Amino acid sequence: MSKLTHLGEDGAARMVDIGGKAASERVAVASGRIAMTAETLAAVRNGNAPKGDVLGTARIAGIMAAKRTGELIPLCHPLALDAVEIDFTFEEDAIRATARASLTGKTGVEMEAMVAVSTALLTIYDMAKAVDKGMVIGEVRLIEKRGGKSGHWKADL
């Protein structure tokens, strides 16, 4: 097992020192889905959910959350992101959110991409819960990351 970078020699939690690292282009892509009834899916797709534009609001919420990841996840560095993009695709019984975060910096953006996806999915739930309280959020995961010392990584799908 590799060494956990957020633990010091004494086992205490610590923020990783990235001061000596070189800046490089870093990109992360994450994905997740929210399963729902056909009625709820139709309401979101047709734009007539009770609270309005579900996906537009979820996209903005996800972008805002990515920008605040360092405030939400205790040992994450606050990052000046270059871009965050969130796309949605309709599946048979769900909506899939995919986020891409990027920057040129000293640390990766995997957490920012996953926070963006998670928040977008939670926002969909919030905006459509009047129609379907039984929606299920799941499968939030890193799909790909590029840059930094560990290079390129892609999930086996």
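The coordinates are above.
Reading guide: rules and limits
- Residues numbered from 1 in each chain as written.
- Predicted model: local features only at pLDDT ≥ 70, side-chain atom pairs only at ≥ 80, totals over all residues.
- Heavy atoms only, no water.
- 1 Å grid on protein atoms, 1.4 Å probe; cavity = no way out; pocket = protein on both sides within 12 Å on 5 of 7 lines; lining within 4 Å.
- Points joined across faces, edges and corners; volume = space filled by probe spheres on them.
- Helix = DSSP H or I, 4+ residues; strand = E, 2+ residues; numbered from the N terminus.
- Nonpolar A, V, L, I, M, F, W, Y, C, P; charged D, E, K, R; others polar.
- Buried < 20%, exposed > 50% of the residue type's maximum accessible area, 1.4 Å probe, protein only.
- Pairing = 2+ DSSP bridges.
- Contact = heavy atoms within 4.5 Å.
- Axes fitted to C-alpha atoms, helices over the stretch in contact; angles between N-to-C directions.
- Polar contact = N/O pair within 3.5 Å; in protein donor to acceptor, adjacent residues only side chain to side chain.
- Phe/Tyr/Trp six-rings, centres within 6.5 Å; stacked < 30°, edge-to-face > 60°.
- Lys NZ or Arg CZ within 6 Å of the ring centre and 35° of its normal.
- Expected span 1.5 Å × (residues − 1).

Caption draft 1: The layout of surface pockets, seen in detail. Of the volumes computed, that of the largest pocket is approximately 710 Å³. At 3 residues, helix H4 (residues 110–128) tops the list of elements feeding residues into the lining of the largest pocket. Here the residues of the lining of the largest pocket are counted per class, giving 6 nonpolar, 8 polar and 9 charged.

Caption draft 2: Spotlight on the pairing of strand S1 (residues 24–35). Of all 12 residues in S1, 9 are buried, a share of seventy percent or more. Pairing of S1 with strand S3 (residues 94–105) involves 12 bridges; the strand directions are antiparallel. Bridge pairing in S3 places Ala 35 opposite Ala 94. Note that S1 and strand S4 (residues 136–146) share 8 bridges and pair antiparallel. By the bridge assignment, Val 29 is partnered in S4 with Glu 144.

Caption draft 3: Inspection of the sheet that holds strand S5 (residues 153–154) at higher detail. Read from one edge to the other, the open sheet built from 5 strands follows the order S2-S3-S1-S4-S5, with strand pairing classed as antiparallel. Every interior strand has two partners, whereas the edge strands, strand S2 (83–90) and S5, have only one. Strand contacts of H4: S1, S2, S3 and S4, with the helix running at about 25° to S1, the strand carrying the most contacts.

Caption draft 4: Broad picture of the environment of Glu 139. Structurally, Glu 139 can be placed in strand S4. Taking the C-alpha atoms as reference points, Glu 139 and Ala 120, 19 residues apart in sequence, are found 13 Å from one another. Leave out the neighbours within four places in its chain, and Glu 139 touches Ser 31, Gly 32, Arg 33 and Arg 96. Polar contacts involving the side chain of Glu 139 include one to the side chain of Arg 96, which spans 3.1 Å.

Caption draft 5: Here's a closer look at the packing of aromatic side chains. Taken as a whole, this structure holds 0 aromatic pairs when the rule is applied. Directly above the ring of Phe 90 sits Arg 45, whose terminal nitrogen or CZ lies 4.3 Å from the centroid.

Caption draft 6: Molecular detail of H4. Relative to the 27 Å expected for 19 residues at 1.5 Å per residue, H4 spans 27 Å between its end C-alpha atoms, a close match to the ideal helical length. Residues of H4 that are buried include every one of Glu 112, Ala 113, Val 115, Ala 116, Val 117, Ala 120, Leu 121, Thr 123, Ile 124, Met 127 and Ala 128, and no others.

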